[in-house]
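Commentary on secondary and tertiary structure
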Amino acid sequence: MDNPANNLPVQIHLRTDILQDGKKSNFVFDMEGQLVEIGNAIYIRYDEEVEGGSIPVTIKINGNGDVKITRSGQNRSQLMFSEGKRISAVYKTPYGPLDIQTVTLGLTAELLENPLRGTIEISYLLYAGQEMLGKYNISLQFTV
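Residues numbered from 1 in each chain as written. Predicted model: local features only at pLDDT ≥ 70, side-chain atom pairs only at ≥ 80, totals over all residues. Heavy atoms only, no water.

As recorded by an unreviewed UniProt entry, the protein chain carries the name DUF1934 domain-containing protein and is attributed to Lentilactobacillus terminaliae.

Listed below in structure tokens is the structure:
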């Protein structure tokens, strides 16, 4: 991408598969968002529609391939993903903070040009202390 501080509209296809307590659920969203490149990082921003409103979400793809997902709503979280690592985070709720950890099982982030498009795949376990809350798979595809 030529401009180091560009802001491009993108089409986003997001699929999340969740396994919690032996129950599977999946969510699929198609939405518009923005892509911004700052330095060696790519930011993808969009609003996730939920009951009662929307939640701003930012996905940061670092130059080293690590990914951070920030959800800014009434419940705020910043989850970091680095393949093979367990990373602590805080999930802020109206009832107080909850210490959580992600264990990244798999992580790929691919960017292609002409037209600009990409894919982010994250497979991770979510823990609260020593208790596993669930297994998650996120697949995000975007194109200008």
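Further notes follow.
Along its length, the protein chain carries 0 helices and 10 strands. Starting at the N terminus and ending at the C terminus, the protein chain contains elements arranged as β-β-β-β-β-β-β-β-β-β. Whereas a compact globule of 144 residues would reach a radius of gyration of roughly 15 Å, the protein chain reaches 15 Å, a difference of no more than 12%. In terms of overall dimensions, the protein chain has C-alpha extents of about 45 × 35 × 25 Å along its principal axes. Here the protein chain, with 144 residues, has 37% of them falling under the buried criterion. When contacts within the protein chain are restricted to residue pairs at least 6 apart in sequence, those whose partners lie at least 24 apart make up 34%. Within the structure as shown, the protein chain displays about 8,500 Å² of accessible surface, and the carbon and sulfur contribution to it stands at 48%. Taken together, the 13 basic and 17 acidic charged side chains of the protein chain have centroids lying 6 Å from each other. (Helix = DSSP H or I, 4+ residues; strand = E, 2+ residues; numbered from the N terminus. Rg over C-alpha atoms; globule rule 2.2 N^0.38 Å. Buried < 20%, exposed > 50% of the residue type's maximum accessible area, 1.4 Å probe, protein only. Contact = heavy atoms within 4.5 Å. Areas by Shrake-Rupley, 256 points an atom, 1.4 Å probe, with all protein chains shown as cover. Lys, Arg positive; Asp, Glu negative; His and termini not counted. Charge placed at Lys NZ, Arg CZ, Asp CG, Glu CD.)

Attention now goes to the nonpolar core. The biggest cluster of nonpolar side chains holds 29 residues, and the ones touching the most others in it are Ile12, Ile44, Tyr46, Ile59, Ile122 and Leu140. Sequence-distant contacts of Ile59, defined by excluding residues within four places in its chain, comprise Ile42, Tyr43, Ile44, Tyr46, Val67, Lys68, Ile69, Ile120 and Leu140. (Core = buried A, V, L, I, M, F, W, Y, C linked by side-chain atoms within 4.5 Å.)

This part covers the pattern of salt bridges. Enumeration over the complete set of coordinates arrives at 2 salt bridges. With a closest N to O distance of 3.0 Å, Arg15 and Asp17 form a salt bridge. Taking relative accessible area as the criterion, Arg15 reaches 33% and is therefore assigned partly exposed. Asp17 gets classed as partly exposed once you look at its relative accessible area, which sits at 24%. The shortest N-O distance in the salt bridge between Glu48 and Arg71 comes to 2.6 Å. Placement of Glu48 in strand S3 (residues 41–50) and of Arg71 in strand S5 (residues 67–72) is noted, with a sequence separation of 23 residues between them. On the basis of relative accessible area, Glu48 is assigned to the buried category, the value being 15%. (Salt bridge = Lys/Arg side-chain N within 4 Å of Asp/Glu carboxyl O.)

Here we come to the pairing of strand S2 (residues 23–38). With 14 bridges joining them, strand S1 (residues 7–20) and S2 adopt antiparallel strand pairing. Note on S2: the bridge partner recorded for Gln20 is Lys23. Between the antiparallel neighbours S1 and S2 lie 2 residues, among them Asp21 with a positive phi of about 50°. Where S2 and S3 come together, 6 bridges link them in antiparallel fashion. Pairing of Gln34 across the sheet is with Arg45, part of S3. Following S2, the chain reverses through 2 residues before pairing antiparallel with S3; Gly39 in that reversal takes a positive phi of roughly 60°. (Pairing = 2+ DSSP bridges.)

Here we take up the sheet that holds strand S10 (residues 131–143). Pairing is antiparallel in the closed barrel, where 10 strands are placed in the order S1-S2-S3-S4-S5-S6-S7-S8-S9-S10. Here the strands of the sheet are splayed against their neighbours by 25° on average, with no regard to which way each runs. Direction of pairing for strand S4 (residues 53–61) relative to S5: antiparallel, over a ladder of 5 bridges. The partner of Ile59 across the bridge, within S5, is Ile69. (Axes fitted to C-alpha atoms, helices over the stretch in contact; angles between N-to-C directions.)

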